[in-house]
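Examination of the molecular architecture
If you want the building blocks of each chain, they are given just below.
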Amino acid sequence: MGRDEGYLVDIVDRTIQGGDGIDTFPFPVELSVGGVGMQVAPMGDTWPSGGPLERVHRIDFHIVLLFGAGPVRHMVDFTEHEAAAGDLLWIRPGQVHRFSPTSEYRGTVLTMQPGFLPRSTVEATGLYRYDLPPLLRPDTSQLAALQAALTQLRREYEDTATLPLSLHTAVLRHTLTAFLLRLAHLAASSAEAPRQRSDSTFTLFRDAVERDFATNHSVSAYADALGYSRRTLVRAVRAATGDTPKAFIDKRVILEAKRLLAHTELPIGRVGVAVGFPDAANFSKFFHQHTEQTPAAFRAELR
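Counting starts from 1 at the beginning of each chain's written sequence and moves along it residue by residue. Reporting in this predicted model follows two pLDDT cut-offs: at least 70 for local features of residues, and 80 or more for side-chain atom pairs to be given and counted; totals over whole chains, interfaces and linings ignore these cut-offs and use all residues. Hydrogens and water are ignored here; the side-chain numbers use all heavy atoms of the structure.

Next up on the list: the overall build of the chain. Numbering goes from the N terminus for both helices and strands, where a helix is a DSSP run of H or I of at least four residues and a strand is a run of E of at least two. If you tally the helices and strands in the chain, you get eleven helices and eleven strands. When accessible area is computed with a 1.4 Å probe and restricted to protein chains, residues below 20% of their type maximum are described as buried, those above 50% as exposed, and intermediate ones as partly exposed. The proportion of buried residues among the 303 residues of the chain is 49%. Sequence-distant contacts in the chain: of pairs separated by 6 or more residues, those separated by 24 or more amount to 72%. Surface accessibility follows the Shrake-Rupley procedure with a 1.4 Å probe radius. Residue values consider only the protein chains on display as shielding. Within the structure as shown, the chain displays about 13,900 Å² of accessible surface, and the carbon and sulfur contribution to it stands at 52%. Any two residues having at least one pair of non-hydrogen atoms within 4.5 Å are treated as being in contact.

This part is about the environment of I254. Relative to the helices and strands, I254 resides in helix α8 (residues 245-263). Overall, I254 belongs to the buried group, its relative accessible area being 8%. For the pair I254 and H290, spaced 36 residues apart in the sequence, the C-alpha separation amounts to 7.6 Å. In this view, I254 contacts F286, F287, H290 and T291; residues no more than four positions away in its chain are not counted.

For the rest of this paragraph, the subject is the confidence of the model for the chain. On a scale of 0 to 100, pLDDT captures the predictor's confidence in every residue. The share of residues in the chain with pLDDT of 70 or more is 86%, and the mean pLDDT across the chain is 85. Here residues 1-5 scores under 50 on pLDDT; set against residues more than four positions off or in separate chains, the count is eleven contacts. Here residues 45-50 scores under 50 on pLDDT; set against residues more than four positions off or in separate chains, the count is 15 contacts.

For the rest of this paragraph, the subject is the pairing of strand β7 (residues 79-83). Relative to β7, strand β6 (residues 72-76) runs antiparallel, the two sharing five bridges. Bridged to V72 within β7 is A83. Counted along the chain from β6 to the antiparallel partner β7, the turn is two residues long, and its residue D77 has a positive phi close to 45°. DSSP calls a pair of strands paired once it identifies at least 2 bridges connecting them.

For helix α7 (residues 230-241), which comprises twelve residues, the first-to-last C-alpha distance of 16 Å matches the rise-based estimate of 16 Å (1.5 Å per residue) to within 8%. Every buried residue belonging to α7 is among L233, A236, V237 and A240, and all of these are buried. Down the axis of α7, the buried set is contained in an arc of 95°. They therefore lie on one face. Projecting away from the buried face of α7 at angles above 90 degrees are the exposed residues R231 and R235. Those residues of α7 that are buried lie in contact with α5 (200-212), α6 (219-226) and α8. G242 lies just past α7 and shows a positive phi near 85°. By definition here, a helix of n residues has an expected span of 1.5 Å times n minus one. This arc is built from the directions going out from the helix axis to the C-beta atoms.

And the structure:
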């Protein structure tokens, strides 16, 4: 198996064990061209059976799969997605997902380290819009534009001789940004109720929640840490998501709890601790309030 054909398989060898029992795959830096924080390559012609990627895991980078054939079934955060030729699957850092051992992964795969692009580009392209759907179905014209942009990106990625490394990296960033802007527009327009405007207040809050939700459930504490009044934070989060800040935090906590209950053997009490509830009874009450199930019932339903 060649370097490109085995690209997805290569990630398996870089597995690190997360503290919550779910394997996390780091970005395979040693395979990148010139050390830049992205890669573009063909998917493998077949997906090997018995590999770790067939089990539920996380990634700490972005991965975009543009499928050249289908159907392909792929699970992302409790939803089984079925992709056809011309569809894209965008999996973001921290999401729990699983490759299918019975599907053939054909097409192109793009991976990106979170820190490769400047913050302004990250915000403009919605790299951390976890509320947007991972499976994208472009129409004919959208697909043609995305394929052309991805082809150009791969050409620039593989051309390491024409430009000095600093210019090569700069060109890659600009070319990647052009592709991601198209992809982000498709993702936003694919949402059932897209809210495309996300100001910097919400962006900072969303990033802080993603970083600290396991230890901080207080809206006032987030507002104080970010330097905003509680009222300002409420307005920004409602405008971006339609939710209150507390509902936004609670949804993130519940998602993580579901991930751990479904995909690890951690005792329920330890799951509660992992999402900020040292007392198991309080965790069970919180979980039941938001799901109408006890943690034990939720876990049993999935086993």
